[in-house]
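Overview (structure and organization)
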Amino acid sequence: MRKPKRSARGPLPVERGTRPRAKALAASEDTPSASRVEANTLLHELRVHQIELELQNEELRSARLEMERALRSYTELFDFAPIGYASLGPDHVIQDVNRAGVQLLGTSRPLLRGRPIESIVAQHSQIRLRNLLVSAEINPGRQSCELELLRKGSPFAARLGATILAHSEPKTLIAFEDISLSKEREERLARTERALRAAARHKDEFLAVLSHELRNPLAPIKNSVFVLQRSDPTSDAARRAQQIIDRQVTHLTRLVDDLLDVTRIAKGKIQLQFEQVELTGLLQRTLEDQLASFEAMGVALESQLGSQATWVRADAARLVQIVTNVLTNALKFTPRLGRVTLTLQRGRERCELQITDTGVGIPAEVLARVFEPFAQAPQTLDRARGGLGLGLAMVKGLVELHGGQVRIESTGLGQGTRVSVSLPLSHPPERQVFESQAAPARQRQRVLIIEDNLDACEMLKVALDLTGHQVRIAHDGARGLELAAEFDPDVVICDIGLPGMDGYQVARAFRAQPALRDVFLVALSGYAQPEDLQRARDAGFDRHLAKPTSVESLERVLSDPRRAPPPAAHSAIAC
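Residues take numbers from 1 onward in each chain, read along the sequence in its written order. The model is predicted, so local features are restricted to residues of pLDDT at least 70 and side-chain atom pairs to those at 80 or more, both for listing and for counting; the totals for chains, interfaces and linings are taken over all residues. Note: side-chain values were computed over all heavy atoms of the structure, leaving out hydrogens and water.

**Some words on the overall build of the protein chain**
Spelled out, the test is: Helix and strand assignments follow DSSP, with helices taken as H or I runs no shorter than four residues and strands as E runs no shorter than two, numbered in order from the N terminus. We call a residue buried when its accessible area falls under 20% of the maximum for its residue type, exposed when it is over 50%, and partly exposed in between, using a 1.4 Å probe and counting protein chains only. Residue contacts are defined here by distance: any two heavy atoms, one from each residue, within 4.5 Å place the two residues in contact. Accessible surface is estimated by sampling points in the Shrake-Rupley manner with a 1.4 Å probe; for residues, cover comes only from the protein chains shown.
The number of helices and strands found in the protein chain is 16 helices and 17 strands. Burial status across the protein chain gives 37% buried among its 575 residues. Counting only contacts in the protein chain whose residues sit at least 6 apart along the sequence, the fraction spanning at least 24 positions is 61%. In the structure as shown, the protein chain presents an accessible area of about 35300 Å², 54% of it carried by carbon and sulfur atoms.

**Some thoughts on the sheet that holds strand S17 (residues 543-546)**
This is how the line gets drawn: Think of it this way: DSSP has to see at least two bridges between two strands before they count as a pair. Angles shown run from 0 to 180 degrees and are taken between the N-to-C directions of axes, each axis being a line fitted to C-alpha atoms and, for helices, limited to the stretch in contact.
Read across the sheet, five strands follow the order S14-S13-S15-S16-S17 without closing on themselves; strand pairing throughout is parallel. Two strands lie at the open edges of the sheet, namely strand S14 (470-474) and S17, each paired on one side alone. The mean angle between the axes of side-by-side strands here comes to 20°, regardless of whether they run parallel or antiparallel. Relative to strand S16 (residues 520-525), strand S15 (residues 491-494) is paired through four bridges, and the arrangement is parallel. By the bridge assignment for S16, Val491 is matched with Phe520.

**As for the pairing of strand S13 (residues 446-450)**
Worth spelling out the cut-off: A crossover gets the label right-handed when its path from the first strand over the helix to the second runs clockwise, viewed with the strands pointing away from the viewer.
With four of five residues buried, S13 lies mostly within the body of the structure. Direction of pairing for S13 relative to S14: parallel, over a ladder of five bridges. Within S14, the position partnered with Arg446 by the bridge is Gln470. Between the parallel pair S13 and S14, the chain is carried across by helix H12 (residues 454-466), and the sense of this crossover is right-handed. Two elements, S13 and S15, share four bridges in a ladder whose sense is parallel. Following the sheet pairing, Val447 is matched in S15 by Val491.

**Focus: a nonpolar patch on the surface**
Counted only if it meets this: Nonpolar side chains (Val, Leu, Ile, Met, Phe, Trp, Tyr) within 5 Å and like charges within 9 Å form the patches, drawn only from residues with over 30% relative accessible area and no salt bridge. Each reported salt bridge corresponds to a side-chain nitrogen of Lys or Arg within 4 Å of a carboxyl oxygen of Asp or Glu.
Where nonpolar side chains cluster on the molecular surface, the patch consists of Met459, Val462 and Leu466 and spans about 320 Å² of accessible area. For Val462, the location among the structural elements is in helix H12. Take Val462: its relative accessible area is 32%, and that puts it in the partly exposed class.

**Section: the packing of aromatic side chains**
Heads up, the rule is: Within 6.5 Å between ring centres, the rings of Phe, Tyr and Trp (the latter by its six-membered ring) count as paired, and their orientation is classed by plane angle as stacked under 30 degrees, edge-to-face over 60, tilted in between. Two conditions define a charge sitting above a ring: the NZ of Lys or the CZ of Arg must be within 6 Å of the ring centre, and it must be within 35 degrees of the ring normal.
Enumeration over the complete set of coordinates arrives at zero aromatic pairs. Above the ring of Phe156, the side-chain terminus of Arg151 is found at 3.9 Å from the ring centroid.

**Here's the deal with the environment of Ile174**
Inspection of the secondary structure assignment puts Ile174 in strand S5 (residues 171-178). When the C-alpha positions of Ile174 and Ser144 are compared, they lie 9.5 Å apart, and in sequence the two are 30 residues distant. In this view, Ile174 contacts Gly84, Tyr85, Ala86, Leu88, Leu133, Leu160, Gly161 and Ala162; residues no more than four positions away in its chain are not counted.

Geometric descriptors of this kind do not, in isolation, establish any biological role.
Below, the structure written as structure tokens:
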């Protein structure tokens, strides 16, 4: 048999591990079951380790995903928080800032990152900022203060909170929010609260004044009635008592008139009857009406009106009311031997009426609110100058309803006052119709009064009896209708607020009966708002007179055969 050649390089290599493997095979042949068990055990352990590694990998993967979700949530919370947040490094340099912070500061992230926190704080708030940062480092938890930050160089009120975040490298988290609007709201609330307190105080003062002003006329009226009951009706004492009652009732009427007019103006329920009015003549007539009052008080009343006609489109009665109120106010605050001057100046499009007095003047603190209702200068307990503090408030409202403006000037106490009323000019009417101003001839009328107030009804009957009329009275609507069928009245004066059957129902009942439908119906009522007048017309009334009305007003209705409305007068008073 042929032997293998020996290699020139040496003997043939022996395969590494051949002998151990051979020994293992030989051993396996000797103990086959033990080796198999050991191999299976090792294989099982490997599988267990593999499963453990897979579980650990899954846990690590879940932890990584959870960390990513947490990071996203943190980023979203940080970035989209409703207030500003900024994180600071150990040297208090801004590392990051959220969107709200960027918007509050009016800049961008790149411009904020790397800047010291002091750069966004107003100079005068730097000490507060340093104290806040030191406090946050010393005391755990959130520290806060109020200071001013800078928005594009302009300071605004802000609230800052600082918290130290525990990291390997400590960080400071700054929270900041704009509280300037909150400050403004607080200031507005404070102003509103002060205004409410002032209004409550003015209301209490007004009620005290109202009580005083209403009681003052009642005392002389009551005493005058006592005199009339115990004296000869033709005596001087009776005549003086009658004059006192007339003056005091006129004063009471004016007080209630002012109060209700201010209320109507405030509610927008006042109605004006516009027409072409010649202002110069109206002012002259108003001055003549006021002259006696000024002479009685020892105050001179002068005027500079000129003779040129001045036309305005206005409610003549309300213009008289405006001028009368200003004149009365000037007289009230001008001492004896003083002077009140009425001047009319004309421009191209407007005219200006000025009423100047040499009176006590108005303090600066009162001048600012003189057109407010119930506003008055301080007075002594005797309230020698009286009044409700409504006149100028009403004047302002009426002037503005005419498209005008009113202002008041005074340099202080003892310096007098000037009230200026500016009104737009109008063109003169194309044709002027002059009617006779002679009073119509008095005619005897059959008058039926339906009124549930016994005293008012009786006194009205006596007054109309004295003027020559034939009068019957009824105290409710049903009796009035019965009496009308017997009496056949020319005129029915009917109250609205009657018991059972009200005045509107009475009017409709009259219009429904052929024998009574043509009677002239006059509503006499304390309900005198514009809607009340319209409701009276709708019910069938021909005229509406507001309480208290004068006998002269009734006479104009009763004596005019055409039943024409009486001239406009300021008598619409509800009571």
